[in-house]
Amino acid sequence: FIGMRKKDIFKIYTLKLFFLGLIGSLLGITIGSAFSPVIQTMVSKNLGIDIKLQFELTTFFVTMAVGVASTIVLAPALIIPYLRLDQKALFDHDTTLSRNIYDYLLYIPIILFYWVMAIYLSESIKVGSAFIAVFLVIVGIFFPLGSFILDRLGKLRLNLNLSSSM
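Residues numbered from 1 in each chain as written. Predicted model: local features only at pLDDT ≥ 70, side-chain atom pairs only at ≥ 80, totals over all residues. Heavy atoms only, no water.

### Describing the overall build of the protein
1) Next: Assigned secondary structure in the protein consists of five helices and zero strands.
2) Next: Summarising the internal contacts of the protein: among those between residues at least 6 apart in sequence, 64% fall at separations of at least 24.
3) Next: Total accessible area computed for the protein in this model is approximately 13000 Å², and 71% of it derives from carbon and sulfur atoms. (Helix = DSSP H or I, 4+ residues; strand = E, 2+ residues; numbered from the N terminus. Contact = heavy atoms within 4.5 Å. Areas by Shrake-Rupley, 256 points an atom, 1.4 Å probe, with all protein chains shown as cover.)

### Regarding the nonpolar core
1) Next: Core analysis: the biggest nonpolar cluster contains five residues, these being Ile-9, Leu-17, Ala-75, Ile-79 and Leu-83.
2) Next: Only helix H1 (6-47) and helix H2 (57-83) provide two or more residues apiece to this core.
3) Next: What Leu-17 contacts, discounting residues up to four positions off in sequence, is Thr-71, Ala-75 and Ile-79. (Core = buried A, V, L, I, M, F, W, Y, C linked by side-chain atoms within 4.5 Å. Buried < 20%, exposed > 50% of the residue type's maximum accessible area, 1.4 Å probe, protein only.)

### Quick look at the packing of aromatic side chains
Each aromatic ring pair is characterised by the separation of its centres together with the angle its planes make.
1) Next: What the rule picks out here adds up to four aromatic pairs.
2) Next: Ring geometry for Phe-113 and Tyr-114: centres 5.5 Å apart, planes at 65°, overall edge-to-face.
3) Next: With a relative accessible area of 32%, Tyr-114 lands in the partly exposed category.
4) Next: Ring geometry for Phe-131 and Phe-135: centres 6.4 Å apart, planes at 15°, overall stacked. Here Phe-131 and its partner Phe-135 are both found in helix H5 (residues 125-155), four residues apart, which amounts to about one turn of the helix.
5) Next: Residue classification places Phe-135 among the partly exposed residues on the basis of a relative accessible area of 42%. (Phe/Tyr/Trp six-rings, centres within 6.5 Å; stacked < 30°, edge-to-face > 60°.)

### Some points on the side chain of Thr-14
1) Next: If you trace the backbone, Thr-14 turns up in helix H1.
2) Next: Setting aside residues up to four positions removed in sequence, Thr-14 forms contacts with Ile-72, Ala-75 and Ile-79.

### So, H5
1) Next: For H5, which comprises 31 residues, the first-to-last C-alpha distance of 45 Å matches the rise-based estimate of 45 Å (1.5 Å per residue) to within 8%.
2) Next: Near the N-terminus of H5, the side chain that reaches the backbone nitrogen of Lys-126, with its oxygen 3.3 Å away, is that of Ser-124. (Expected span 1.5 Å × (residues − 1). Polar contact = N/O pair within 3.5 Å; in protein donor to acceptor, adjacent residues only side chain to side chain.)

### What about the environment of Phe-10?
1) Next: Its place among the elements puts Phe-10 in helix H1.
2) Next: For Phe-10, a relative accessible area of 26% puts it in the partly exposed group.
3) Next: With 73 residues separating them in the primary sequence, Phe-10 and Leu-83 have C-alpha atoms 7.9 Å apart.

### Points about a nonpolar patch on the surface
1) Next: There is a patch of nonpolar side chains on the surface, built from Val-134, Val-137, Ile-138, Ile-141, Phe-142, Leu-145, Phe-148, Ile-149, Leu-150, Leu-153 and Leu-156 and spanning about 1100 Å² of accessible area.
2) Next: Here Ile-138 lies in helix H5.
3) Next: Using a relative accessible area of 42% as the deciding quantity, one classes Ile-138 as partly exposed. (Patch = residues over 30% accessible without salt bridge, like charges linked within 9 Å, V, L, I, M, F, W, Y side chains within 5 Å. Salt bridge = Lys/Arg side-chain N within 4 Å of Asp/Glu carboxyl O.)

### Topic: the side chain of Ser-70
1) Next: For Ser-70, the position within the fold is in helix H2.
2) Next: Among all residues touching Ser-70, those that are not within four sequence positions of it are Ala-65, Ile-110, Phe-113 and Tyr-114.

Dropping the structure here:
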């Protein structure tokens, strides 16, 4: 990507994310369709509830829309902070992104997208909003905690000398 315009780099990464979303959605549909009879049997045997699982065309389109659109809506939040870096810094493994409030505001479209999808799928504003609120609380707790743990683990240096064991 050295020498390319930032606009072209953004297009390439967005296209890659589009295809990842497409492939991920198709893979999810395939796995979900394959395991539906197993889940139906398990629920009916263990819980005594006879459920009818059927695959409709709208299910396919909603799954594809969520999978592809969510990656496209998430793309700016993932790509734009890296476009501000000097390209020479890409070769430096110690380079970290400086996060400002603008970078966090890039996540608002994805939150709104999932909020609308949660309301649509649950057919209730209360249920969809409650789901997104719980999701944001969980993300707000576990992402910083995981980042902190990974940061601490990354600072551990094991002094293993190969020549001393030979």
